[in-house]
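# Summary of the model geometry
One-letter residues, chain by chain:
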Amino acid sequence: MDETQQLISSVGKEIGDMADEGRLPDGETRRIVSVIKSHNTRQSQRESFVDTFGQVHPGFARKLRELNDSITEQDIRIAMYVATGIDSKQIASSIGIRPESVKQARWRLRTKLSLAKGDSLDKYLQDLLLE
């Protein structure tokens, strides 16, 4: 993510330079800068959530990987949000993806964890926190 952040900061600086030189309309510049700032804020919040969750529940990621070694970092991040009771729309907004992508990620997690059709992913992950 550091490379992405550096790229976004670089683009923001370039846009600022272009605006200063009068090569971009002022309204467009404000809109672009607003999007970049919003992205940076969401990124910071995501990192803070993951860091805090990891401190409070240090073994959570390890437990997930023990259950299935094909679980990815993205799966773990989604599982962290699900385990805390955050709904799919809020997860999507927090991590900057579409709600449909969260639903698909939840389905992949259910499959990787071998959950039966009637089993609740939320409850399963919440129980995992308590182990």
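Look a little higher up for the structure.
Overview of the structure. (Residues numbered from 1 in each chain as written. Predicted model: local features only at pLDDT ≥ 70, side-chain atom pairs only at ≥ 80, totals over all residues. Heavy atoms only, no water.)

## Observations regarding helix 7 (residues 121-130)
Here is the rule: Relative accessible area decides the class of each residue, using a 1.4 Å probe on protein chains only: under 20% of the type maximum gives buried, over 50% gives exposed, and in between gives partly exposed. Note on conventions: DSSP H or I runs of at least 4 residues are helices, E runs of at least 2 residues are strands, and numbering of each starts at the N terminus. It is the directions from the helix axis to the C-beta atoms whose arc is reported. Polar contact is defined as a pair of N or O atoms within 3.5 Å, subject to the rule that within protein one atom must be able to donate a hydrogen and the other to accept it, and that residues adjacent in sequence are counted only when both atoms are side-chain atoms.
Restricting attention to buried positions, one finds in helix 7 the residues Leu121, Leu125, Leu128 and Leu129. Projected onto a plane normal to the axis of helix 7, the buried residues spread over an arc of 105° and lie on a single side. Its side-chain oxygen at 3.4 Å from the backbone nitrogen of Asp122, Ser120 defines the N-terminal cap of helix 7.

## Description of the packing of helix 4 (residues 73-83) against helix 6 (residues 99-112)
Short version of the rule: Note on method: axes are straight lines fitted to C-alpha atoms, helices fitted across the in-contact stretch only, with angles between N-to-C directions ranging 0 to 180 degrees. Should an angle lie under 35 degrees it is considered roughly parallel, over 145 roughly antiparallel, and from 65 to 115 roughly perpendicular; all remaining angles are considered oblique. The contact criterion used is simple: two residues touch if any of their non-hydrogen atoms lie within 4.5 Å. Three residue categories are used. Nonpolar comprises Ala, Val, Leu, Ile, Met, Phe, Trp, Tyr, Cys and Pro, charged comprises Asp, Glu, Lys and Arg, and polar comprises the others, including Gly.
Look at helix 4 against helix 6: their axes get within 10 Å of each other, and the N-to-C directions meet at 100°. As far as their axial angle goes, helix 6 and helix 4 are roughly perpendicular. Seen from helix 4, the contacting residues are Asp75, Ile78, Ala79 and Val82; seen from helix 6, they are Ala105, Arg106, Arg108, Leu109 and Lys112. Among the residues forming the contact of helix 4 with helix 6, the class breakdown is five nonpolar, no polar and four charged.

## Thoughts on the packing of aromatic side chains
To keep things clear, this is the line we draw: Two aromatic rings, drawn from Phe, Tyr or Trp (for Trp, its six-membered ring), form a pair once their centres lie within 6.5 Å of each other, and the interplanar angle then sorts them: stacked below 30 degrees, edge-to-face above 60, tilted otherwise.
Taken as a whole and judged by the stated rule, the model has three aromatic pairs. Aromatic side chains Phe49 and Tyr81 sit 4.1 Å apart centroid to centroid with 20° between the ring planes, which places their arrangement in the stacked category. Of this pair, Phe49 sits in helix 2 (residues 26-56) while Tyr81 sits in helix 4; the two residues are 32 residues apart in sequence, bridging distant segments of the chain. Considering the side-chain rings of Phe53 and Phe60, the 5.2 Å spacing of their centres and the 75° angle between planes classify their relative orientation as edge-to-face. Through a chain of ring-to-ring contacts, three or more aromatic side chains come together here, namely Phe49, Phe53, Phe60 and Tyr81.

## Side note on unusual backbone geometry
What is expected of a backbone is that most residues other than glycine have negative phi and most peptide bonds are trans. Despite not being glycine, Ser114 has its phi angle at roughly 55°, a positive value. Mapped onto the fold, Ser114 is located in the loop between helix 6 and helix 7.

## Thoughts on the side chain of Asn68
Along the chain, the position of Asn68 falls in the loop between helix 3 (60-67) and helix 4. The class of Asn68 is buried, set by a relative accessible area of 19%. A polar atom in the side chain of Asn68 sits 2.6 Å from the side chain of Ser70.

## With respect to helix 5 (residues 88-95)
For helix 5, the set of buried residues is Ser88, Ile91, Ala92 and Ile95. Projected down its long axis, helix 5 shows its buried positions confined to an angular sector of 100°, all on one face. Sitting at the head of helix 5, Asp87 places a side-chain oxygen 3.1 Å from the backbone nitrogen of Lys89. The positive-phi residue at the C-terminal boundary of helix 5 is Gly96, with phi of around 75°.

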